[in-house]
Amino acid sequence: MIKLIKIDEDSRVPKYKQIVDSILQNIANGNLKINQKIPSINSFSEEFYMSRDTVEKAYNILKERKIISSIRGKGYYITRTKLESKVNILFVLNKLSAYKMKTYNSFINTVGANAHVDLHIYHCDETLFLNLLDKFEGAYDYYVITTHFKTDELKHLSFTDEVAKAIQRIPDEKLVLMDNIKLGMDGEIIKIYQDFENDIYNALKEGLSKISKYKKLILVYPDKAVYPYPRRILHGFKKFCVEHEINFEILSEVYDDMILKKGDLFITIEESDLVNLMKQIRDEEYVLGKDIGIISYNDTPLKELLGITVMSTDFNVMGETAARMILNKEKGQVKVPFNFIDRNSI
């Protein structure tokens, strides 16, 4: 089998990538069959005079894509041969949340059987993100990436210099930037994005007739969240309030035993703040939507069930659009709709 592998010493393509590509090509040509044994890492490295780390990196990529598997004491075997006709996609999210999973699920439903999608979460951690891109460099046809990071002080960052360099190593034709595109990369890439500052500004303008009935507008913006939010949300909120001469306040959380007053209208981002606020409104015997109002950021099925007014990106559209552009080999950028959905809480 080792004679089937072609390594070009003069090529600028990394050796591990050549190993991956050569094995995939031999699968596509029918030279490698399911359950067929392939050389050990030591045998491979000795045959081609390359380091074990190089061969191991190639084998790990193939294992992650479930093309090969290892059996202790026996070696490595081909376990999957029917994926050469599918598009292989790495889907990278900064966190797991109800609305992020909406995007992922709509993406999966749209690509259907046309693609194999691997989901990875990096928890807004720069090191985890960089390790992911390094580990899977050259392993996928498309890289769907969201960029939200946090500093040591739990402030939001769209990217760092190292993140930018890592993303720039992905070929333009394989890159899909989703949700946050402040990285500002040019080229023929796919961009599906939110406009955080103008989204909240325009949504609040849409609800102005109801918002103006309240005495004070209070944004609960968590400034030390485990998963920080873009500060552009704050900028859009302040711009709206100043422009329309609305009395406003910004809090970092909904405090226990907070002082509530009739005429307050709260905008909550974190679900824990929404729950705490609704409990306090109920305990103080205020009438939600009349005495005190609530607008929540990012819609979920539970908020819809509870009748909570929301401002929200259409996360289904985000996932569907990214998938459609990949399948149709389209390029360009698409702004995702952001809607003010009026229910019973204001």
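Our structure's up above, just so we're on the same page.
A brief look at the structure comes next.

What counts and what doesn't
- Residues numbered from 1 in each chain as written.
- Predicted model: local features only at pLDDT ≥ 70, side-chain atom pairs only at ≥ 80, totals over all residues.
- Heavy atoms only, no water.
- Salt bridge = Lys/Arg side-chain N within 4 Å of Asp/Glu carboxyl O.
- Helix = DSSP H or I, 4+ residues; strand = E, 2+ residues; numbered from the N terminus.
- Buried < 20%, exposed > 50% of the residue type's maximum accessible area, 1.4 Å probe, protein only.
- Axes fitted to C-alpha atoms, helices over the stretch in contact; angles between N-to-C directions.
- Parallel < 35°, antiparallel > 145°, perpendicular 65-115°, else oblique.
- Left-handed = near helix turned anticlockwise from the far one by under 90°.
- Contact = heavy atoms within 4.5 Å.
- Nonpolar A, V, L, I, M, F, W, Y, C, P; charged D, E, K, R; others polar.
- Pairing = 2+ DSSP bridges.
- Phe/Tyr/Trp six-rings, centres within 6.5 Å; stacked < 30°, edge-to-face > 60°.
- 1 Å grid on protein atoms, 1.4 Å probe; cavity = no way out; pocket = protein on both sides within 12 Å on 5 of 7 lines; lining within 4 Å.
- Points joined across faces, edges and corners; volume = space filled by probe spheres on them.

**Focus on the pattern of salt bridges**
Part 1 of the argument: Enumeration over the complete set of coordinates arrives at 13 salt bridges.
Part 2 of the argument: Here K335 and D199 are joined by a salt bridge, their closest N and O atoms 2.8 Å apart. Of this pair, K335 sits in strand 16 (residues 332-335) while D199 sits in helix 7 (residues 196-206), placing them 136 residues apart in sequence.
Part 3 of the argument: Residue K335 is classed as partly exposed on the basis of its relative accessible area, which comes to 33%.
Part 4 of the argument: Classification of D199 as buried rests on a relative accessible area of 5%.
Part 5 of the argument: Its salt-bridge partner being D283, residue K279 comes within 3.1 Å of it at the nearest N-O pair. Placement of the pair is K279 and D283 together in helix 10 (residues 271-283), with a separation of four residues, close to one helical turn.
Part 6 of the argument: Judged by relative accessible area, which is 45%, D283 ranks as partly exposed.

**Some remarks on the packing of helix 2 (residues 41-48) against helix 3 (residues 52-64)**
Part 1 of the argument: Running from N to C, helix 2 and helix 3 point in directions that differ by 125°, and their axes come no closer than 9 Å. Here helix 2 is positioned oblique relative to helix 3, judged by the angle of their axes. When the axes of helix 2 and helix 3 are compared, the crossing they make is right-handed. Contacts between helix 2 and helix 3 involve I41, N42, F44 and S45 from the former and R52, V55, E56 and Y59 from the latter.
Part 2 of the argument: For the contact of helix 2 with helix 3, the residue count by class is four nonpolar, two polar and two charged.

**Regarding the sheet that holds strand 13 (residues 264-268)**
Part 1 of the argument: Pairing in this open sheet of six strands is mixed, and the strands run 12-11-13-14-15-17 from one edge to the other. For this open sheet the edge positions go to strand 12 (248-251) and strand 17 (338-341), each flanked by a neighbour on one side alone. This sheet shows a mean twist of 15° between the axes of neighbouring strands, independent of strand direction.
Part 2 of the argument: Bridge analysis of strand 14 (residues 293-297) against strand 15 (residues 309-313) gives three bridges, and the strand direction is parallel. Looking at the pairing, Y297 lines up with M311 of strand 15.
Part 3 of the argument: In the packing of helix 9 (residues 232-243) onto the sheet, the strands contacted are strand 11 (216-220), strand 12, strand 13 and strand 14, and the crossing angle to strand 12 comes to about 165°.

**Re the packing of aromatic side chains**
Part 1 of the argument: Within the structure shown, the criterion is met by 13 aromatic pairs.
Part 2 of the argument: Seen from their ring centres, Y59 and Y76 are 4.8 Å apart, and the 70° between their planes marks the pair as edge-to-face. Placement of the pair is Y59 in helix 3 and Y76 in strand 3 (residues 75-78), with a sequence separation of 17 residues.
Part 3 of the argument: Y76 sits in the buried class, given a relative accessible area of 15%.
Part 4 of the argument: Arranged with centres 5.2 Å apart and planes meeting at 70°, the rings of F91 and Y104 form a pair that is edge-to-face.

**Points about unusual backbone geometry**
Part 1 of the argument: Although it is not a glycine, Y49 sits at a positive phi angle of roughly 55°.
Part 2 of the argument: Locating Y49 in the fold gives a position in the loop between helix 2 and helix 3.

**Considering empty space enclosed by the protein**
Part 1 of the argument: Counting across every chain of the model gives two cavities of 30 Å³ or more.
Part 2 of the argument: By volume, the largest cavity amounts to about 140 Å³.
Part 3 of the argument: What lines the largest cavity is a set of 15 residues, among which Y99, K100, D179, F196 and Y229 lie closest to the centre.
Part 4 of the argument: When its residues are assigned to classes, the lining of the largest cavity shows eight nonpolar, four polar and three charged.
Part 5 of the argument: Put simply, the second largest cavity is a space of about 40 Å³.
Part 6 of the argument: Here the lining of the second largest cavity is built from residues that sort into five nonpolar, one polar and three charged.

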